Amino acid sequence: MRRTAAVAATGAVMIGVAAAALTYPWGSTDVPLPEATAEPVEVVASYVAALDAHDCDTAVALAAPSFAETARDWCRKVAGLGNLEIGVSLDEDPAWSGLSADTEVVSVTVDFDLDWRLFRSDVSMPEGATTWGYRLARASVDEPWRIVDNGVG
């Protein structure tokens, strides 16, 4: 009986180690934060580079507090982003996203080939070629742009 329990416990530990090895963000590299005066396209470029490099600290730093957990979640799930093409920034009416009228808001589209980590996919999009958008905001010209939302639409 003890031998069966020991074998089962050893098997469970081995499965846990194997699962961690397959899903942990190995190979994380630091992506430098853009300057505080960076334009929205530069902020998005750094953000997607951070996701691709598994640099969750940088990804979260480029997110507004309301978007930080989403940034962290995506950073943990993305295996890689290839063939990146970042579009231009387009002004948006703050009312479209429920922000105050004095908030500057822009959107930036990004095309990429998405590869999810094993067992970590997101139901919002399948792997492969994807067009995605990021919404950025700032309360004044003295503040840096930060990502407040993402998606298609």
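Rules behind the numbers
Residues numbered from 1 in each chain as written. Predicted model: local features only at pLDDT ≥ 70, side-chain atom pairs only at ≥ 80, totals over all residues. Heavy atoms only, no water. Disulfide = S-S within 2.5 Å. Helix = DSSP H or I, 4+ residues; strand = E, 2+ residues; numbered from the N terminus. Buried < 20%, exposed > 50% of the residue type's maximum accessible area, 1.4 Å probe, protein only. Expected span 1.5 Å × (residues − 1). Lys, Arg positive; Asp, Glu negative; His and termini not counted. Salt bridge = Lys/Arg side-chain N within 4 Å of Asp/Glu carboxyl O. Polar contact = N/O pair within 3.5 Å; in protein donor to acceptor, adjacent residues only side chain to side chain.

Draft legend 1. How the structure looks around the state of the cysteines. Here the structure, examined in full by the defined rule, presents 1 disulfide. Disulfide pairing places Cys56 opposite Cys75 at an S-S distance of 2.2 Å. Taking the torsion about the sulfur-sulfur bond, which here is approximately -95°, the covalent link between Cys56 and Cys75 counts as left-handed. With Cys56 in helix H3 (residues 56-61) and Cys75 in helix H4 (residues 68-77), the pair connects residues that are 19 residues apart, well separated along the chain. With respect to class, Cys56 is no different from Cys75; both count as buried.

Draft legend 2. Spotlight on helix H2 (residues 40-53). A rise of 1.5 Å per residue sets the reference length of H2, with its 14 residues, at 20 Å; its end C-alpha atoms lie 20 Å apart and thus fit the reference within 8%. Inspection of H2 places Pro40, Val43, Val44, Ser46, Tyr47, Val48, Ala50, Leu51 and Ala53 among the buried residues, and these make up the whole buried set. Just beyond H2, the residue with positive phi is His54, at close to 60°.

Draft legend 3. Structural view of the side chain of Arg117. Here Arg117 shows up in the loop between strand E2 (104-116) and strand E3 (128-138). Comment: no salt bridge for buried Arg117; closest opposite-charge side chain is Asp115, at 8.5 Å. At 3.3 Å, the side chain of Arg117 and the backbone oxygen of Arg76 are in polar contact.

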